[in-house]
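Residues per chain, in single letters:
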Amino acid sequence: MRRKYQQMYFRDGKELLLLTYLFKPIEISGQLYSLAGFVKSTLLPGDIALVIDNSQSKETEYEYACAIMDNLGKVRVLIEPEVYWDIIRGKAYARTTLLHELGHIYNNDLREIGGKGSTYDLERLKSIQSGIVHEREIKADAFAVQFLGISAVCEGLSVLRQNHINEGDEADSPSVSELTRRIELLIAASHPS
């Protein structure tokens, strides 16, 4: 019998993230979501489900992926379909996106933000307008770097930045500005003076 899943590992030398993904995600009855797999690590609070968001709605409050916690405290990563398949294909932007969201989970950001996502978005916007990057975003990027390396994360963030520009965002828009600054911080960290 042929296996219906595959596994990939992300290592930083001592720590391990195991991603188990399904070749055919399981549709959740009556919903626009599919269970696509899970990530397991001693760094994370249990197995983190990867859930494909098939809603294709422009009204979602996230782009690419987001870590969420339900009312029972269960954590998962919602992910757009193309991003999920691009993780499997090995694309830097997709893997950076996933590891960044896992970084938010690792850093316990979801509990701290709670249901105040809109408050956090305002804090983040104020940071961007001040020319800085919110500390939570820096820490989530550091987690991604731990497992992917600086060059892969910079490449992934650069693709995301270019996607925003291609979709009509100006170079000084909040999204593009934040991505530019995150890349600059990673490059500076890799070349300490």
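Located above this text is the structure these notes cover.
How each quantity is defined
- Residues numbered from 1 in each chain as written.
- Predicted model: local features only at pLDDT ≥ 70, side-chain atom pairs only at ≥ 80, totals over all residues.
- Heavy atoms only, no water.
- Helix = DSSP H or I, 4+ residues; strand = E, 2+ residues; numbered from the N terminus.
- Contact = heavy atoms within 4.5 Å.
- Pairing = 2+ DSSP bridges.
- Phe/Tyr/Trp six-rings, centres within 6.5 Å; stacked < 30°, edge-to-face > 60°.
- Buried < 20%, exposed > 50% of the residue type's maximum accessible area, 1.4 Å probe, protein only.
- Lys NZ or Arg CZ within 6 Å of the ring centre and 35° of its normal.
- Salt bridge = Lys/Arg side-chain N within 4 Å of Asp/Glu carboxyl O.
- Axes fitted to C-alpha atoms, helices over the stretch in contact; angles between N-to-C directions.
- Parallel < 35°, antiparallel > 145°, perpendicular 65-115°, else oblique.
- Left-handed = near helix turned anticlockwise from the far one by under 90°.
- Nonpolar A, V, L, I, M, F, W, Y, C, P; charged D, E, K, R; others polar.

Can you tell me about the side chain of His104, naming the residues and giving the values?
Residue position: His104 is located in helix H2 (residues 92–106). When near neighbours in sequence (up to four residues on either side) are disregarded, His104 contacts Asp109, Leu110, Tyr120, Arg136, Glu137 and Ala140.

Hey, could you go over the pairing of strand E3 (residues 33–40) for me, with residue numbers and the actual values?
Relative to E3, strand E2 (residues 16–27) runs antiparallel, the two sharing six bridges. Bridge pairing in E3 places Leu19 opposite Val39. Taking the residues between adjacent antiparallel strands as the criterion, E2 and E3 are bridged by five residues, where Gly30 takes a positive phi near 75°. Bridging between E3 and strand E4 (residues 48–53) involves six bridges; their strand directions are antiparallel. Note on E4: the bridge partner recorded for Tyr33 is Asp53.

Would you mind going over the packing of aromatic side chains in detail, with residue names and values included?
Scanning all chains against the criterion turns up five aromatic pairs. Where Tyr21 meets Phe23, the ring centres are 6.2 Å apart and the plane angle is 85°; that geometry is what we call edge-to-face. Among the residues examined, Phe23 registers a relative accessible area of 37% and is labelled partly exposed. Arranged with centres 4.8 Å apart and planes meeting at 70°, the rings of Tyr84 and Trp85 form a pair that is edge-to-face. Residue class for Tyr84 comes out buried when judged on its relative accessible area of 1%. Ring pairs connect the aromatic residues Tyr106, Phe143 and Phe147, which therefore count as one cluster. Sitting over the face of the ring of Tyr5, Arg3 holds its NZ or CZ atom 4.9 Å from the ring centroid.

Describe the pattern of salt bridges, listing the residues and the values that go with them.
Evaluation of the coordinates by the stated rule reveals ten salt bridges. Asp109 serves as the salt-bridge partner of Arg136, at 3.6 Å between the closest nitrogen and oxygen. Placement of Arg136 in helix H5 (residues 135–148) and of Asp109 in helix H3 (residues 109–113) is noted, with a sequence separation of 27 residues between them. In this pair, the class of Arg136 matches that of Asp109, namely buried. One salt bridge connects Arg181 with Glu184, and the closest N-O pair in it is separated by 3.3 Å. Here Glu184 and Arg181 lie together in helix H7 (residues 174–190), a separation of three residues that amounts to about one turn. Overall, Arg181 belongs to the partly exposed group, its relative accessible area being 31%. Using a relative accessible area of 39% as the deciding quantity, one classes Glu184 as partly exposed.

So what about helix H1 (residues 81–89)? Which residues, and what values?
Those residues of H1 not exposed but buried are Pro81, Val83, Tyr84, Asp86 and Ile87. For H1, the secondary structure elements touched by its buried residues are strand E1 (5–11), E2, E3, E4, strand E6 (75–79) and H2. Trailing H1 by a residue or two, Gly90 shows a phi angle of about 90°, which is positive.

Can you explain the packing of H2 against H5? Please cite residues and give values.
Two numbers describe how H2 lies on H5: the axes approach to 7 Å, and their chain directions differ by 120°. With respect to their mutual orientation, H2 and H5 come out oblique. Classified by chirality, the crossing of H5 by H2 is right-handed. Contact with H2, carried on its side by Arg95, Thr96, Leu99, His100, Leu102, Gly103, His104 and Tyr106, involves Arg136, Glu137, Ala140, Asp141, Phe143, Ala144, Phe147 and Leu148 of H5 and no other residues of that element. Here the residues of the contact of H2 with H5 are counted per class, giving eight nonpolar, four polar and four charged.

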